[in-house]
Amino acid sequence: MSSAAVSNKKGFGATLWDYLTTVDHKKLGVMYLFAGTLFFAIAGLEALLMRIQLMIPNSDFVSAGTFNELLTMHGTTMLFLAATPLLFGFMNAVVPLQIGARDVAFPFLNSLGFWLFFLGALFLHLSFFLGGAPDAGWTNYASLALYSPGHGIDFYVLGLQISGAGTLISGINFIVTIITMRAPGMTFMRMPLFTWTSLISSALILFAFPPLTVGLFLMLVDRMFEANFFDHTMGGNTVIWEHLFWIFGHPEVYILVLPAFGLFSEIIPVFARKRLFGYSSMVFATILIGFLGFMVWAHHMFTTGLGATANAIFAVATMAIAVPTGMKVFNWIMTIWGGSVKVTVPMLYALGFIPSFVAGGVTGVMQAAAPLDYQLHDSYFIVAHFHYVIVGGIVTAIFGSMHFYWPIMFNRALSEKLGVLTFWIFFTGFHLTFFLQHFLGLMGMPRRVFTYQANQGWDLFNFISSIGAIMMAIGVILLVINIIITAKSKPLNCRDYWGDGRSLEWAIQTPVPFYNFKQTPLVRGYDPYWLEKHDGNEEGMVYAEPLGDIHMPNNSILPLIMSIGTFIAAFGALYHPDGKAWAIPVLILGLAITVGAMIVRSVKDDLGFHVHVEEVIATEEHLYGKGGNK
Amino acid sequence: MMKGLKKWRLFSLLAVMTVFLSACGEDYLTTLKPTGAVGKEQFNLLLFSITIMALVVIVVSVLYLYAFMKARRSKLGEDYMPKQVEGSHTLEVIWTVIPIILLLILAVPTLISTYKFADVKAMDEVNEEGNKTALTVNVTAKLYWWEFEYPEQGIVTAQELVVPTGEKVYFNLKAADVKHSFWIPAVGGKMDTNVENVNKFYLQFDEESEGLEQGVFYGKCAELCGPSHALMDFKVKVLDRDGFDNWVAAMQATEGQTASAESADLGEQTFANSCLMCHAVSGVGASGAMGPNLTTFGDRNRVAGVLEHTEESIEKWVSDPESIKPGNLMTGKYGELSDEEISAVADYIMGLSIEE
């Protein structure tokens, strides 16, 4: 795509092979983006089916069992397989450019992370066709999960184990990339906020995913070999699962929302034409949120019966998170204050984000008050709260950033007109759907109900809520149409598409060459591109090195093969409890493929290749005409 | 003109108020019109926190709208170059300290109530005769129904909790199969019924349920527990102390009551042959039954927790429970019954009553 090298005309097979083997962070970013959008659409459809079911009381549009599958897959897919990859897409596409790197620290692992995520997600979704999807909620509480018949829960456990490994690998990769691959002069306190939030979010992944892995593994052996970690009749304990899940699950929310904060911290200064207000306190707030994010998991368990002291401590700790989050909100407002705000589509999403997220934040503080949470917990109030945070905070960030970064990622611009229409339909639908759900919860409606009896005072609000959901669906369809139309539009071939770019990614002319920077840039301050631009430097960069040979990594099919190995092994593990004779051989075969690929990777030297100066000059001339990237 | 405008304002205010009031929900179910001390305290905390949070939202919104309105490029002109400000320490301190103060204010009632609601010491207090002074109910949540045992009184019932007004009622909560959560929204917050341990808490019921639309409060299961989670309702009948004592005495008087297979009544006969092994018809006993105790069935408000309280509903339920509560544990436990037998059983069950 945008980074296609000199040979532009490639057959379909060659292009496919290119994407299957690529280790280029820009292509992987695109792949994350499309895979994430696919799963976002699937999970959105699941949500729509649920809202249609709940539109009227005593509806029989879907059965009770199906509804539980839908609610489980909606939550699981949205968090693990839509929001996470979409944000990874932007991290891949943008972070290396922002820090002036040619690629991530471990390009091979980057590819492995993607394929593990994708095949894990695929495995999980096959459950729909192989005897039923998981149905114990995305939280998969142990007593219900162990009771659940069929293979649904096994698909959940194995699918998340595989895709979780991918996420963990990608997280580690970004930590190392951001710490070690920064261009000369790009000190920590000059890093753009999106890079900062990606770093902290990756650190959270590093600490939060292992507890999930442990929990899933215990659940796996419980279901495969009757290990009884969670079976209370055999001395197990289900509350342990709740702890393991939420020690992962709460940081997971911050893993997603921090990059979203970062994206808005990029969008707002560009369209306010003003430096991000209070940069250092924004960085401090990010770190503090990441730290506190690990101290609050038990607020999901206030009604589990942990006792007054545990509830009191976690209540106060949870309230504390509001302070750094509030700092961020005020800093965004102060960035707008006295600026020159241009209301483009990305800025529209940012402007919609601030009040929506504040609304979601304050209901979070209300639920931090443990005695009040006894009423709010597991009611529709909490459903409203976390959708305000996730849709109002994360989804708006993703949609806004799609418009914002499309020029860099694809050398095309999404339609502004269609974008504005999409925003208003989606945004109105969002508030229509979720605002009234606060009241449904307060009126006594529990969450995760497949139906409700008429005349309990819930009929009207549920109906309105479903109308809102339909509007959100229309919004998403318009966005997809926008993407399709844009694919056929003319390439931009420009630099700094929005005109007020500040960080390094805007200094590169699109399409971005596969090696990113022909010479590593020298960073002379915060907002380097803005700095150079206003110093009258037309190139937008000063360089830390002369034009020379560029060392790049080789493509490899091995990450895909390793991931396919785990995919096959998962089927063996899944069917082993059924007593199938082929289960163990399949498990061994799958693991053998993975380990085999790892051995090949270890013994075969892969030192990458050099792009020689003449090739760099030729590429630049091919992409930008005579004179190259000027 | 002005008068017309004022009227219009009044009208719109009324319209908003109507929507707002309708947003309070039904008396027997909503948390917004609580009728017990616990629920009231939680409601006050709700109002208190909403007030603080509304203040925050208003301040943020005003700042945000003002900043945005003043900073529009369409107003300032395409070439306007804003001053590049780094930040302000004074402002940072202000918006760090003020939220901390607000949260500390919120934390005080939060902590007080947290400890207060967890105080169940009175459960074990005894009078001079060694009897417990407080009423305790052992709640067992089972796949899609609730069992209520009164250990001191030696009685047990199901699906309809009966409690007296004006005193703290203590609950021992446990699940028999998977995790559920015990919630009576109009009276107070919920607590989970775990599978491995007993959770304890108390509620207080201030208002008799007789005046309510259906004479009962609604109780809900709040934790996903399988396909019929949504249908796992129970009801709460709140009586004054005398009424409650009478109810207990009437329950205790059902000791030894059973259905006879030799009965001339086809309903009782069928019940004895097909239902009695799971469903008791005597209110004396302890928890641990396979199916809901039916001693007071005729006095109840719903069939199977959700259906209308009629014989037709019982017939519908007994003929095919799976179609009404998917995943229930009754389906297939009692063999084939003829329509005649089902109808007779419905008639028999409906006659089970301890109230005059």
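Residues numbered from 1 in each chain as written. Chains lettered and ligands numbered in written order. Predicted model: local features only at pLDDT ≥ 70, side-chain atom pairs only at ≥ 80, totals over all residues.

1. Brief notes about the overall build of chain A
Here is step 1: The secondary structure content of chain A amounts to 19 helices and four strands.
Here is step 2: Its C-alpha atoms give chain A a radius of gyration of 25 Å, within 12% of the compact-globule value 25 Å for 630 residues.
Here is step 3: Projecting the C-alpha coordinates of chain A onto the three principal axes gives extents of approximately 70 × 65 × 45 Å.
Here is step 4: Going through the 630 residues of chain A one by one, you find that 61% of them count as buried.
Here is step 5: Counting only contacts in chain A whose residues sit at least 6 apart along the sequence, the fraction spanning at least 24 positions is 82%. (Helix = DSSP H or I, 4+ residues; strand = E, 2+ residues; numbered from the N terminus. Rg over C-alpha atoms; globule rule 2.2 N^0.38 Å. Buried ≥ 20, exposed ≤ 12 C-beta atoms within 10 Å, placed from the backbone. Contact = placed C-beta atoms within 7 Å.)

2. Describing the nonpolar core
Here is step 1: Residues A:Phe264 and B:Phe217 are the most contacted members of the largest nonpolar core, which totals 295 residues.
Here is step 2: Three or more residues apiece are contributed to this core by two domains, here domain 1 (31–117) and domain 2 (135–350) of chain B.
Here is step 3: Not counting chain neighbours up to four residues away, the residues in contact with A:Phe264 comprise A:Trp332, A:Ala350, A:Phe353 and A:Ala397. (Core = buried A, V, L, I, M, F, W, Y, C linked by C-beta atoms within 7 Å. Domains from an automatic or database assignment.)

3. A few points about the sheet that holds strand S1 (residues 135–142) of chain B
All names here are of chain B.
Here is step 1: In spatial order, the strands read S3-S2-S1-S5-S8; together these five strands make up an open sheet with mixed pairing. A strand with exactly one partner marks an edge of an open sheet, and here the two such strands are strand S3 (155–158) and strand S8 (199–204). Direction aside, the axes of adjacent strands within the sheet are offset by 25° on average.
Here is step 2: Bridge count between strand S5 (residues 168–175) and S8: six bridges; the pairing is antiparallel. The residue of S8 that forms the bridge with Asn 172 is Lys 200. (Pairing = 2+ DSSP bridges. Axes fitted to C-alpha atoms, helices over the stretch in contact; angles between N-to-C directions.)

4. Structural notes on the interface of chain A and chain B
When the parts come together, some accessible area is lost, and that loss is often what is quoted as the size of the interface.
Here is step 1: Contacts between the two partners involve 76 residues from chain A, matched on the other side by 76 residues from chain B.
Here is step 2: Contributions of two or more residues to the side of chain A that touches chain B are made by helix H3 (64–98), helix H5 (142–147), helix H8 (238–272), helix H9 (279–292), helix H10 (308–336), helix H11 (345–368), helix H12 (370–376) and helix H14 (416–442) of chain A.
Here is step 3: Looking at which element gives the most residues to the side of chain A that touches chain B, the answer is H10(A), with 15 residues.
Here is step 4: The class makeup of the residues in the side of chain A that touches chain B is 43 nonpolar, 27 polar and six charged. (Nonpolar A, V, L, I, M, F, W, Y, C, P; charged D, E, K, R; others polar.)

5. Brief notes about the packing of H8(A) against H11(A)
Residue and element names in this part refer to chain A.
Here is step 1: H11 packs onto H8 with a crossing angle of 115° between their chain directions and a minimal axis gap of 9 Å. In this structure, H8 meets H11 at a crossing whose hand is left-handed. Packed against H8, whose contacting residues are Phe 264, Ile 267, Ile 268 and Phe 271, the element H11 presents Pro 346, Met 347, Ala 350 and Phe 353 at the interface. (Left-handed = near helix turned anticlockwise from the far one by under 90°.)

6. Comments concerning the sheet that holds strand S6 (residues 180–184) of chain B
Residues and elements named next belong to chain B.
Here is step 1: The strand order S4-S10-S9-S6-S7 describes an open sheet built from five strands, whose pairing is mixed. Either end of the sheet is taken by a strand with one partner, and the two such strands are strand S4 (160–164) and strand S7 (188–193). Put simply, the sheet's adjacent strands are angled 25° from each other on average, direction ignored.
Here is step 2: Of the pairings in the sheet, the one linking S6 to strand S9 (residues 217–221) comprises two bridges and is antiparallel in character. From the neighbouring strand, Trp 183 faces S9, where its bridge partner is Lys 220.

7. Focus on the pairing of S7(B)
Residues and elements named next belong to chain B.
Here is step 1: With six of six residues buried, S7 is to be regarded as a mostly interior element.
Here is step 2: Sheet topology places S6 next to S7; four bridges connect them, and they run antiparallel. Its bridge partner lying in S7, Ser 181 is registered against Asp 192.
Here is step 3: As consecutive antiparallel partners, S6 and S7 are separated by three residues.

8. Details of the environment of B:Asp320
Residues and elements named next belong to chain B.
Here is step 1: Positionally, Asp 320 belongs in the loop between helix H7 (311–319) and helix H8 (321–324).
Here is step 2: On the basis of neighbour count, Asp 320 is assigned to the exposed category, with 9 C-beta atoms found within 10 Å.
Here is step 3: With twelve residues separating them along the chain, Asp 320 and Gly 332 place their C-alpha atoms 9.1 Å apart.

9. Quick word on the domain arrangement of chain B
Residues and elements named next belong to chain B.
Here is step 1: The assigned domain composition of chain B is domain 1 (31–117) and domain 2 (135–350).
Here is step 2: For domain 1 and domain 2, the distance between their C-alpha centroids amounts to 45 Å.
Here is step 3: Contacts between the two partners involve ten residues from domain 1, matched on the other side by eleven residues from domain 2.
Here is step 4: Broken down by element, the side of domain 1 that touches domain 2 gets its largest block of residues, four residues, from helix H2 (residues 37–70).
Here is step 5: The residue makeup of the side of domain 1 that touches domain 2, split by class, is four nonpolar, five polar and one charged.

10. Focus: the confidence of the model for chain A
Here is step 1: Of the residues in chain A, 98% have a pLDDT of 70 or more, and the chain-wide mean is 93.
Here is step 2: Here residues 1–7 of chain A scores under 50 on pLDDT; set against residues more than four positions off or in separate chains, the count is 21 contacts. (pLDDT = per-residue confidence, 0-100.)

11. Looking at the packing of H10(A) against helix H4 (residues 89–117) of chain B
Any two packed helices are characterised by the angle at which their axes cross and by the distance between the axes.
Here is step 1: Relative to each other, H10(A) and H4(B) sit at 155°, their axes nearing to 9 Å. In this view, H10(A) runs roughly antiparallel relative to H4(B), as classed from their interaxial angle. Judged by the twist between their axes, the crossing of H10(A) over H4(B) is right-handed.
Here is step 2: Class assignment for the residues of the contact of H10(A) with H4(B) results in 19 nonpolar, five polar and one charged. (Parallel < 35°, antiparallel > 145°, perpendicular 65-115°, else oblique.)

12. Looking at helix H17 (residues 558–575) of chain A
Here is step 1: Taking 1.5 Å of rise per residue, 18 residues should cover 26 Å, and H17(A) covers 26 Å from first to last C-alpha, within 8% of that figure.
Here is step 2: Counting buried positions along H17(A) yields 14 of 18 residues, so the element is predominantly enclosed. (Expected span 1.5 Å × (residues − 1).)

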